[in-house]
Each structure stands twice: as C-alpha cells, then as structure tokens.
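This is what each chain is made of:
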Amino acid sequence: MAYSQELFSQLRDILDSAGYHTTFEVQGDTGIFSLRMKLRCRLQSVSMMIIVREDNFSTLTTLPLTADENCRLAVSEYLTRVNYNMRSGNFEMSMEDGTIRFKTYHHAGDAPLDGKAARLAVLIPFLMIDRFGDGLIDVLFGLKSPREAFEAVGQG
C-alpha cells in the first residue's frame, strides 16, 4: 500500500501556504515531510515528521531532550497528567530510551483533505509542546514534582 500522491500534494500546498519549510522523502510505502519549529518555551525547537499514507497522515514531533532512566516514572506521571483532558493528540515517551514526542493522527479517506483540520493536526503539537514544555523541563531536571509542574503550567 503506497502513500497517496493526492494527499501528499494537498498537504504540501497546506504546508507551503502556512509558510512551513519542509523536506520530503519516501521510505518504503510512506511519504515523509520533515520540518523544524522554533518555540517560546525553554525547549527552543522541535523536529516534526509528517507521515503520509494511503488515506491518512500522522505527525510525530520529537523533543530535543530525552528522559534519563532515573526520571522516566516522574516524566511519565507528568505526561499522563497533561494527556488526561487532551482532545487532539497526545504526548508519549519510550520507556526504553526516554524519547519524548507528541503525536497526532488525521484520517483523510477518499474525500479532499479538510485544510483547517489538516493545519490543526500540524499546529497542535507545536502549541502543546510550547504550553507544557517548561513543566516537562522542570520534571526532567528534578526542579518540581510532576504535580507541581503540571499545576504551574495550568490546566485550562
């Protein structure tokens, strides 16, 4: 099952019109856009891959820091608190190597891509990382407990 050229073209147009500078490559049956985004939080920037398949795309936005083995449970608690009322997308962490990322998924089906929904699927990871990134840093470096960090960044 190869990636959809039509979905790729629609996404490229959306990304170009939003001013994102991307690269594109094919890996197996998927097409992958790559881009970097500057943030306002202390993480400063993140890398995103947009994985295009036959009838959907997903984003994987990887943070530039990983969780050391000794703080993974605390980071996991913080991310669980953050994810609890998340409406679209979620944070996740590898318990094996401490990689932290934000993921979204958008089903496109056979219809033309909904430009607003697609832009939102790409923008949400940056917004959520910007909002919760400073709390994550506080937990990663042992400056605050997961609860304190979450309460400091706000729940609403």
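Residues numbered from 1 in each chain as written. Predicted model: local features only at pLDDT ≥ 70, side-chain atom pairs only at ≥ 80, totals over all residues. Heavy atoms only, no water.

Peer 1: So what's going on with the sheet that holds strand β1 (residues 23-27)? Residues and values would help.
Peer 2: In a beta sheet, neighbouring strands pair by backbone hydrogen bonds and run either parallel or antiparallel. Pairing in this open sheet of 6 strands is antiparallel, and the strands run β1-β2-β3-β4-β6-β5 from one edge to the other. One side of each edge strand has no neighbouring strand; the edge strands of this open sheet are β1 and β5 (90-93). Taking the axes of each pair of neighbouring strands and ignoring which way they run, one obtains an average angle of 25° across the sheet. Across 4 bridges, the pairing between β5 and strand β6 (residues 99-107) is antiparallel. Paired with Glu92 across the two strands is Arg101, which belongs to β6. Strands β5 and β6 of the sheet are contacted by helix α2 (residues 72-83), whose axis makes an angle of about 165° with β5. Along the sheet, helix α3 (residues 115-140) makes contact with β2 (30-38), β3 (45-52), β4 (56-66), β5 and β6, crossing β4 at roughly 20°. (Pairing = 2+ DSSP bridges. Helix = DSSP H or I, 4+ residues; strand = E, 2+ residues; numbered from the N terminus. Axes fitted to C-alpha atoms, helices over the stretch in contact; angles between N-to-C directions. Contact = heavy atoms within 4.5 Å.)

Peer 1: Account for the packing of aromatic side chains, naming residues and giving values.
Peer 2: Across all of its chains, the model carries 8 aromatic pairs by this definition. Considering the side-chain rings of Phe91 and Phe132, the 6.5 Å spacing of their centres and the 90° angle between planes classify their relative orientation as edge-to-face. Here Phe91, found in strand β5, pairs with Phe132, found in helix α3; they are 41 residues apart in sequence, far enough to count as distant. On the basis of relative accessibility, which here comes to 5%, the residue Phe91 falls in the buried class. When its relative accessible area of 5% is taken as the criterion, Phe132 is described as buried. Aromatic ring contacts, followed pair by pair, group Tyr3, Phe8, Phe24 and Phe33 into a single cluster. (Phe/Tyr/Trp six-rings, centres within 6.5 Å; stacked < 30°, edge-to-face > 60°. Buried < 20%, exposed > 50% of the residue type's maximum accessible area, 1.4 Å probe, protein only.)

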